[in-house]
Amino acid sequence: MYIKSPLNYTGGKFKILEPVFQAFPADIRTFVDVFAGGFNIGINAEAETIICNDQINYLIEMFQMFQSTEIHELLERIRDIISTYQLTQQNKDGYYALRSDYNQTRDLTKLFVLTCYAFNHQIRFNNSHEFNSPFGRNRSSFNSNIERNLTRFCLALQKKNIQFTNRDFTELDYSKLGPEDLVYCDPPYLISTGNYNDGNRGFKDWKEKEERELLDLLDRLNQKGIRFALSNVFYHKGLSNELLIEWSRKYRIHYIDKTYSNCNYQFKERDAVTVEVLITNY
Ligand SMILES: C[S@@+](CC[C@H](N)C(=O)[O-])C[C@H]1O[C@@H](n2cnc3c(N)ncnc32)[C@H](O)[C@@H]1O
């Protein structure tokens, strides 16, 4: 049974873990999750070493805190915060008081509790790196599902050999990797806007320049015999990513929903479909 990230991350891959993992090789020495986000993929990987990277430092620091804290202690701290701010699905003032305190103190447990009560559980910052997700009235809370997901996630973080880095993907050190390793990339999609690439989050944006840099990087890894897997979309809401479609012809394309694999470019309901793919060089 797969572990689900306790963060409801925009672009999270929990729903497609099965086809993605089916396309992964069985023998992996180092697994690099370059754009970890909620870390749904990396946490489920079986490898000697798993590297968790993302450009959002708060996310990586929160995972490091999860790794170094006993689960019962973490749950106690979460309950203390809930009771101090009297958090419920209706208590808007309590949520905003916590949000304002987090933005002063940057306490990582407070950040996690905020995501539990935030609208759509979103983890979102403004240009000054202040957490700015609104309250998730009548919808969001630290419920039993999140508690179970958090517990399983933390236990796996503590059991597996997971190392954290907080770099731009162009600055990661790929020089020690070899053919036994797998570099997994789940970048923001050029043709859809997540809340981490709308240009207003104080973190680097994702535009055609970054897309090209990533595709060049994957070509270089391929030349060195290093395996890679890239998650992306060819089509989404009437848009197509021609740069990616053209580039991918050199490699192997796994259609996540197999019904789209035979009718590549002529969709009757083109505006309605999202064609998700995993592109691999093995
Ligand atoms: C689609 S999400 C990953 C979702 C993840 N696979 C999951 O299942 O939760 C993309 C991630 O890439 C990160 N990112 C965006 N630009 C980046 C860059 N230049 N270098 C490293 N990470 C970046 C974003 O912060 C975001 O967390």
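Reading guide: rules and limits
- Residues numbered from 1 in each chain as written.
- Predicted model: local features only at pLDDT ≥ 70, side-chain atom pairs only at ≥ 80, totals over all residues.
- Heavy atoms only, no water.
- Helix = DSSP H or I, 4+ residues; strand = E, 2+ residues; numbered from the N terminus.
- Rg over C-alpha atoms; globule rule 2.2 N^0.38 Å.
- Buried < 20%, exposed > 50% of the residue type's maximum accessible area, 1.4 Å probe, protein only.
- Contact = heavy atoms within 4.5 Å.
- Areas by Shrake-Rupley, 256 points an atom, 1.4 Å probe, with all protein chains shown as cover.
- Lys, Arg positive; Asp, Glu negative; His and termini not counted.
- Charge placed at Lys NZ, Arg CZ, Asp CG, Glu CD.
- Polar contact = N/O pair within 3.5 Å; in protein donor to acceptor, adjacent residues only side chain to side chain.
- Expected span 1.5 Å × (residues − 1).
- Arc of directions from axis to C-beta.
- Near = heavy atom within 4 Å.
- Nonpolar A, V, L, I, M, F, W, Y, C, P; charged D, E, K, R; others polar.
- Core = buried A, V, L, I, M, F, W, Y, C linked by side-chain atoms within 4.5 Å.
- Domains from an automatic or database assignment.
- Salt bridge = Lys/Arg side-chain N within 4 Å of Asp/Glu carboxyl O.
- Phe/Tyr/Trp six-rings, centres within 6.5 Å; stacked < 30°, edge-to-face > 60°.
- Pairing = 2+ DSSP bridges.

**Student:** Got a minute to help me understand the overall build of the protein in this structure?
**Tutor:** Across its full length, the protein holds 8 helices and 8 strands. Computed over the C-alpha atoms, the radius of gyration of the protein is 19 Å, within 12% of the 19 Å expected from 2.2 N^0.38 for a compact globule of 282 residues. Put simply, the protein has 282 residues, and 55% of those count as buried. Partitioning the intrachain contacts of the protein with sequence separation of at least 6 by distance along the chain shows that 68% fall at a separation of at least 24. For the protein, the computed accessible surface area is about 13500 Å², with 46% contributed by carbon and sulfur atoms. Taking the 34 positively charged and 36 negatively charged side chains of the protein as two groups, their mean positions are separated by 3 Å.

**Student:** Honestly, the environment of S240 in this entry has me stumped. Any pointers?
**Tutor:** Relative to the helices and strands, S240 is located in strand β6 (residues 239-240). Note: C-alpha distance between S240 and S141 (99 residues apart in sequence) is 37 Å. A distance of 2.7 Å separates the side chain of S240 from the side chain of E242, its partner in a polar contact.

**Student:** Any chance you could explain helix α3 (residues 71-84) here in plain terms?
**Tutor:** Owing to its 3.6 residues per turn, the α-helix aligns residues three or four sequence positions apart on the same side. End to end, α3 covers 20 Å across 14 residues, agreeing with the expected 20 Å (1.5 Å per residue, within 8%). Among all positions of α3, only I71, L74, L75, I78, I81 and I82 are buried. Angular distribution of buried residues about the axis of α3 spans 120°; they occupy a single face of the element. In α3, those exposed residues whose orientation departs by more than 90 degrees from the buried face are H72, E76, S83 and T84.

**Student:** Would you explain the site of the ligand in this entry?
**Tutor:** As a matter of local geometry, the ligand sits amid 21 residues, with Y9, K13, G38, D54 and D186 nearest to it. One nitrogen or oxygen atom from the main chain of K13 is found 2.8 Å from an oxygen atom belonging to the ligand. The side chain of D54 places a nitrogen or oxygen atom 2.7 Å from an oxygen atom of the ligand. Isolated, the ligand exposes 610 Å² of accessible area, and the fraction of that covered by the protein chains is 100%. Taken together, the residues of the shell around the ligand sort by class into 10 nonpolar, 6 polar and 5 charged.

**Student:** I tried to follow the nonpolar core on my own but got confused; where do I start?
**Tutor:** Side chains of nonpolar character tend, in soluble globular proteins, to be buried together. If you look at the biggest cluster of nonpolar residues, it comprises 64 residues, and the most contacted ones within it are F24, F39, F66, F112, F142 and L150. Of the domains in this structure, domain 1 (14-54 + 168-280) and domain 2 (63-153) are the two that each give at least three residues to this core. With sequence-adjacent residues up to four places away left out, F39 is seen in contact with D33, I50, C52, F63, F153, L157 and I162. One finds V32, V34, L217 and Y235 within the second-largest nonpolar core, a separate group that totals 30 residues.

**Student:** Help me out: how do you make sense of the pattern of salt bridges in this one?
**Tutor:** As a working rule, side chains carrying opposite charge can pair if their charged atoms are close by. Within the structure shown, the criterion is met by 14 salt bridges. Among the salt bridges present, the one from R29 reaches D181, with a minimum N-O distance of 2.8 Å. Here R29 is found in the loop between α1 (17-22) and β1 (30-33), whereas its partner D181 is found in the loop between β3 (162-165) and β4 (182-185), with 152 residues between them in sequence. When the shortest N-O distance is used, the salt bridge between D219 and K250 registers 3.1 Å. Of this pair, D219 sits in helix α7 (residues 208-223) while K250 sits in the loop between α8 (242-248) and β7 (252-255), placing them 31 residues apart in sequence.

**Student:** Please explain the packing of aromatic side chains as it appears in this structure.
**Tutor:** Each aromatic ring pair is summarised here by two numbers: the centre-to-centre distance and the angle between the ring planes. In the structure shown here, the tally under the stated rule is 26 aromatic pairs. Seen from their ring centres, F234 and Y255 are 6.3 Å apart, and the 80° between their planes marks the pair as edge-to-face. Placement of the pair is F234 in strand β5 (residues 227-236) and Y255 in strand β7, with a sequence separation of 21 residues. An aromatic cluster is present here, built from F39, F63, F66, F112, F142 and F153 joined pairwise through their rings.

**Student:** Is there a simple way to explain the pairing of strand β2 (residues 49-53) in this structure?
**Tutor:** Regular strands have side chains that alternate between both faces of the sheet. Along β2, 5 of the 5 residues are buried, which leaves the element largely enclosed by surrounding structure. Residues T49, I51 and N53 point to one face of β2 and I50 and C52 to the other, with burial holding for every one of them. In this sheet, β2 lies alongside β1 in parallel orientation, the contact comprising 4 bridges. Across the sheet, F31 pairs through a bridge with I50, a residue of β2. Pairing of β2 with β3 involves 4 bridges; the strand directions are parallel. Bridged to I51 within β3 is Q163.

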